[in-house]
Amino acid sequence: MAVSLPLFQLLLFLLLLSRTRFSSSEFLIGVGSYDITGPAADVNMMGYANSDQIASGIHFRLRARAFIVAEPQGNRVVFVNLDACMASQIVTIKVLERLKARYGELYTEKNVAISGIHTHAGPGGYLQYVTYIVTSLGFVRQSFDVVVNGIEQSIVQAHESLRPGSAFVNKGDLLDAGVNRSPSSYLNNPAAERSRYKYNVDKEMTLVKFVDSQLGPIGSFNWFATHGTSMSRTNSLISGDNKGAAARFMEDWFENGQKNSDSLRNIPRRVSAIVSDFSRNHSRLLDIAATYKSSRGHSVDKSLDVKTRVRNASKRKFVSAFCQSNCGDVSPNTLGTFCIDTGLPCDFNHSTCNGKNELCYGRGPGYPDEFESTRIIGEKQFKMAVELFNKATVKLQGKIGYQHAYLDFSNLDVTVPKAGGGSETVKTCPAAMGFGFAAGTTDGPGAFDFKQGDDKGNVFWRLVRNVLRTPGPEQVQCQKPKPILLDTGEMKEPYDWAPSILPIQILRVGQLVILSVPGEFTTMAGRRLRDAIKSFLISLDPKEFSNNMHVVIAGLTNTYSQYIATFEEYEVQRYEGASTLYGPHTLTAYIQEFKKLATALVNGLTLPRGPQPPDLLDKQISLLSPVVVDSTPLGVKFGDVKADVPPKSTFRRGQQVNATFWSGCPRNDLMTEGSFAVVETLRDGGKWVPLYDDDDFSLKFKWSRPAKLSSESQATIEWRVPESAVAGVYRIRHYGASKSLFGSISSFSGSSSAFVVV
C-alpha cells in the first residue's frame, strides 16, 4: 500500500519521538503487590520466640511488594519487600524455582532479592532450620505457601507492568523513630570511630521514587533502620508493625490524591448521598438505620470475599515499601527502658531490674498502647517518606548490575590485622548462640535467670545444654568470649538447626547500590560495611563511582542468620553479640567477601556460585494440629450475630463500634486478597458499599474459641470510627469459612444491625 509523504513524515516523527522518550526514561520499571497475611489463628508468631504468642486475628494485612528495574536491552534487578519477620532460605529457593519455570533464566538468585521488614507480628513456621520453628511447633505449610505465592505474584505483577520510566533518589534524617537498645555495647566501639557520628543509631532514610513516563509516579521504596517491635510479645493480632503501617499510610495517601501528610487521618472516603445535610438530619438517618436489622448468617460464593475488598488488587496503581536496614540494635520504643515493678530505669549495662531481665521493657511513644506506638512510629516514617518523595529530583542513571555468592560461614578464612602490625588469617565458626541470647532484649525480654552481657554462663544451664550437645574445645575457643548456650551449627537432628551456607548480594541501579545481607547488622556494623564498600568501589573506578553514590543495607534478605555485631560489641556479649552466630570475626568476613563481589561488579566478572544451601522441605516436621471441624450452638448458623450493635446507635469519630459473630477457624480460608471484616455504608438506591476492611488501621478482626479444644468460635470486629469517616448509615459485615466433619469448606457471611455515624 502506498503511503503519502506527509503521512510517512508523521510516522517517522512519532517513531523518533517514542525512541527519544524511551531513552530519556533510562529504564523499564514495574511494581507489584500481593497479600501474604497467612493463617490468622492457632499459629505461633515469628520474632519474639514466645510460645504463648499465638495468632488470633488481624490488625491489618501483610503484603509482598516488588519492584523491577531493567535496562531496555540488558540487565535487570528485582527487589521484594515482605511484611514478614525475615526472608527464608527455603522460601527463596522455591520462589526461584517458580520464576525459572515462568521466565527461564531471566530472574535468578543473582538478580532477585527478597527482604523482610522484621515485624514480630506475622505467622511463623515458614523457615526451614529447627531453631527458627521450635515455637511454631515445626513447619507450617500454610504460612510457607502464602509467602511463596505472594512473592511470586508480586514479581509477576511487576514484570507484566514493565514500562519506560525513571527512578529518582533522595535521602534525609528522621530523628525520633529509633533508639539504641544496647547502648553499653555500642560504647565499646572505639571512641575515635564513635566520634565520627552524631547519633548511636542511623537516622538516615534513603528513598527511591519510581515514575512511569506516561502514568507518572507508580511507587517508592525506602530503607531505614528501626526494629519491627512496636507491637509487643503478647500481641496476638497479625500486623505489619510500624513499617507495614507506614506502607499502608503512604499507599492510601497517594491513592487519595496526595493530600498533606499532616492530614493523614482526614483523608475522605466515598461520600453517601442518602441525606444531603447529615448534621440536620440525624433523626432521618436513625430511621433509615432502624430498617436494617442484623442478617442471619448465610452461604456466599467463595469469590465474593475478593469483591468486597476496599482496595482492589487489580486496580492497585501505587506501591510503597518501607524496607529494613541495619536495625540490629535499634528499637522503636523511644521513651526508654523501665522496670515494670518499680517504674525506675533499667540497669544500663545488663538491662535488668534487681538482676532480673524479665522485668525490663522498652516503652513506645504511645505507651501503654502498643497500637498507638505502632501508628506513631509508622506515621513518622510515612511523613519522612512523603517529604523525600515530593522532593526527589536526583535521577538514577547509568548501569544496572548485580553480583551474588553463596559462602560457608561456618568455616571462612578471614584476614585480620595483627596487634603488632601486619595481618593474620583466622576463621569463622560453626553457628552458636551465647547465654546473653536467652536474656532477650528490652523489646522482648527472655525468661529464667539469663541476662545480657553474660560472658561466663553458669553451671546449671551448661548441664541443660549438654543434654542437646556439648560443644567441643575447638568450637569453644573459636567462639570466645561467647559462652555457648546452644551449639546450633553442629546440631543436625532431626535436621539442621542453623544455616551454614549464606547468600550475599549486591544490586546496582545507577548511583544506588544495595547490599543484601542475610541478618541483622547492628548500627556500627552496618556503618563499617557501608563505608568499606563505598570507599572500595570508588577506589576501583573513581569515574563510575563517586561520592554521590548511595549505598544502602537491605537487612534480613534472602535467608536469615540472626545478628552481626562488631568485634568490640561481640566482646560485651549483650543480646546482639551473643546472637552473632559465626564468632567474633563475622563482620570482618562480610566486609572481605563483599569486596570480592564489588570487584566482580566493577570488572564484569562471573563469580563461582559457591556451595549450595540445602533444600530441607521434604524433611520438615509439623506438630500443629489441623482444623478438625467447626460447629455452632443448636439453632445458630455460621455468620449469625452473637453480640450486635445496640439498636438506634449513633457513633462519633473516635468512638468504637463492636459486633461479634459466630464463626469458623480462619485457617479454613485465609481470605488472601479478600477480607474477614468489612465496614459498609449505605448509598442512595439502598446499595451497601464497602469502605473499610481488615487492611485498615481503624479496624481490628479478633477471633477466639471459648475453650482451647472447642469446635465453636467467634469473631469480634472492632471499628474505631476514623476522623476521616463521612456521616451516614453504616454496618459491619463478617466473612468466614467453616469446615464440616467430612472436610468440606463452606463460605459464609453475616452482618450487624445498621448504625449512624455523625
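Here goes a summary of the coordinates provided. Owing to the predicted nature of the structure, the values given are computational and were not obtained by experimental measurement.

### Let's talk about the overall build of the protein
- A tally of helices and strands in the protein yields 15 helices and 39 strands.
- In summary, the protein has a C-alpha radius of gyration of 27 Å against a globular reference of 27 Å for 758 residues, a match within 12%.
- Taken along the three principal axes of its C-alpha coordinates, the protein extends 90 × 90 × 50 Å.
- Here the analysis covers contacts within the protein between residues at least 6 apart in sequence; of these, 78% occur between residues at least 24 apart.
- As displayed, the protein has an accessible area near 29400 Å², and 54% of this comes from carbon and sulfur atoms.
- Computed over 83 positive and 73 negative side-chain charges, the separation of the two mean positions in the protein equals 4 Å.

### Let's talk about the pairing of strand 28 (residues 550–554)
- Most of strand 28 is tucked away, with five of its five residues classed as buried.
- Note that strand 26 (residues 512–516) and strand 28 share five bridges and pair parallel. Bridge assignment links valine 513 to a residue of strand 28, and that residue is valine 551.

### A word on the state of the cysteines
- A full pass over the atoms with the stated rule returns three disulfides.
- A sulfur-sulfur distance of 2.1 Å marks the disulfide that ties cysteine 339 to cysteine 353. Disulfide cysteine 339-cysteine 353: the torsion about the S-S bond is -100°, which places it as left-handed. Note that cysteine 339 is positioned in strand 15 (residues 336–339) and cysteine 353 in the loop between strand 15 and strand 16 (360–363), a separation of 14 residues in sequence. Of the two residues examined, cysteine 339 and cysteine 353, each falls in the buried class.
- Covalent S-S linkage joins cysteine 429 and cysteine 478, the inter-sulfur distance amounting to 2.0 Å. Across the disulfide from cysteine 429 to cysteine 478, rotation about the S-S bond amounts to roughly -90°, and the bridge is consequently left-handed.

### Considerations on the sheet that holds strand 28
- On the basis of which strands lie adjacent, the open sheet formed by four strands has the order 18-25-26-28 and mixed pairing. In this open sheet, the two edge strands, each paired with only one partner strand, are strand 18 (400–408) and strand 28. Geometrically, the sheet is characterised by an average inter-axis angle of 15° between neighbouring strands, direction not taken into account.
- Pairing between strand 25 (residues 501–509) and strand 26: five bridges, direction antiparallel.

### Regarding the packing of helix 12 (residues 523–540) against helix 15 (residues 586–603)
- Put simply, helix 12 and helix 15 touch, their axes get as near as 10 Å, and they point 30° apart. Accordingly, the angle class assigned to the pair helix 12 and helix 15 is roughly parallel. Crossing hand, helix 12 versus helix 15: right-handed. Every residue of helix 15 that contacts helix 12 at Ala525, Arg528, Leu529, Ala532, Ile533, Phe536, Leu537 and Leu540 is listed here: Leu587, Tyr590, Ile591, Phe594, Lys595, Ala598, Thr599 and Val602.
- Grouping the amino acids of the contact of helix 12 with helix 15 by side-chain chemistry returns 13 nonpolar, one polar and two charged.

### Side note on empty space enclosed by the protein
- Evaluated as defined, the whole model comprises three cavities of 30 Å³ or more.
- By volume, the largest cavity amounts to about 70 Å³.
- What lines the largest cavity is a set of 14 residues, among which Ile36, Leu62, Ala84, Pro123 and Val147 lie closest to the centre.
- Those elements giving two or more residues to the lining of the largest cavity turn out to be strand 7 (122–123) and helix 3 (141–160).
- Here the residues of the lining of the largest cavity are counted per class, giving nine nonpolar, four polar and one charged.
- Of the volumes computed, that of the second largest cavity is approximately 50 Å³.
- Contributions of two or more residues to the lining of the second largest cavity are made by helix 2 (89–103) and strand 18.
- For the lining of the second largest cavity, the leading source of residues is helix 2, giving three residues.
- Class assignment of the residues belonging to the lining of the second largest cavity gives a composition of four nonpolar, four polar and one charged.

### What to know about the packing of aromatic side chains
- Considering all chains together, one arrives at 34 aromatic pairs under this definition.
- With a centroid separation of 4.9 Å and an interplanar angle of 40°, the aromatic rings of phenylalanine 67 and phenylalanine 210 are classed as tilted. Of this pair, phenylalanine 67 sits in strand 4 (residues 63–70) while phenylalanine 210 is found in strand 10 (residues 204–212), placing the two residues 143 residues apart along the sequence. Here phenylalanine 67 and phenylalanine 210 have matching classes, each one buried.
- Arranged with centres 5.5 Å apart and planes meeting at 85°, the rings of phenylalanine 651 and phenylalanine 755 form a pair that is edge-to-face. Here phenylalanine 755 lies in strand 39 (residues 755–757) and phenylalanine 651 lies in strand 31 (residues 650–651), a separation of 104 residues in the sequence.
- Its relative accessible area of 12% is what places phenylalanine 651 among the buried residues.
- A relative accessible area of 0% means that phenylalanine 755 is categorised as buried.
- Put simply, the rings of Phe60, Phe249, Trp253, Phe254, Phe318, Phe382, Phe389 and Phe697 touch in pairs and so form one group of aromatic residues.
- The ring of tyrosine 199 carries the charged tip of lysine 203 above its face, separated from the ring centre by 5.3 Å.

What counts as what
- Residues numbered from 1 in each chain as written.
- Predicted model: local features only at pLDDT ≥ 70, side-chain atom pairs only at ≥ 80, totals over all residues.
- Heavy atoms only, no water.
- Helix = DSSP H or I, 4+ residues; strand = E, 2+ residues; numbered from the N terminus.
- Rg over C-alpha atoms; globule rule 2.2 N^0.38 Å.
- Contact = heavy atoms within 4.5 Å.
- Areas by Shrake-Rupley, 256 points an atom, 1.4 Å probe, with all protein chains shown as cover.
- Lys, Arg positive; Asp, Glu negative; His and termini not counted.
- Charge placed at Lys NZ, Arg CZ, Asp CG, Glu CD.
- Buried < 20%, exposed > 50% of the residue type's maximum accessible area, 1.4 Å probe, protein only.
- Pairing = 2+ DSSP bridges.
- Disulfide = S-S within 2.5 Å.
- Axes fitted to C-alpha atoms, helices over the stretch in contact; angles between N-to-C directions.
- Parallel < 35°, antiparallel > 145°, perpendicular 65-115°, else oblique.
- Left-handed = near helix turned anticlockwise from the far one by under 90°.
- Nonpolar A, V, L, I, M, F, W, Y, C, P; charged D, E, K, R; others polar.
- 1 Å grid on protein atoms, 1.4 Å probe; cavity = no way out; pocket = protein on both sides within 12 Å on 5 of 7 lines; lining within 4 Å.
- Points joined across faces, edges and corners; volume = space filled by probe spheres on them.
- Phe/Tyr/Trp six-rings, centres within 6.5 Å; stacked < 30°, edge-to-face > 60°.
- Lys NZ or Arg CZ within 6 Å of the ring centre and 35° of its normal.

On their own, these measurements won't tell you what the molecule is for.
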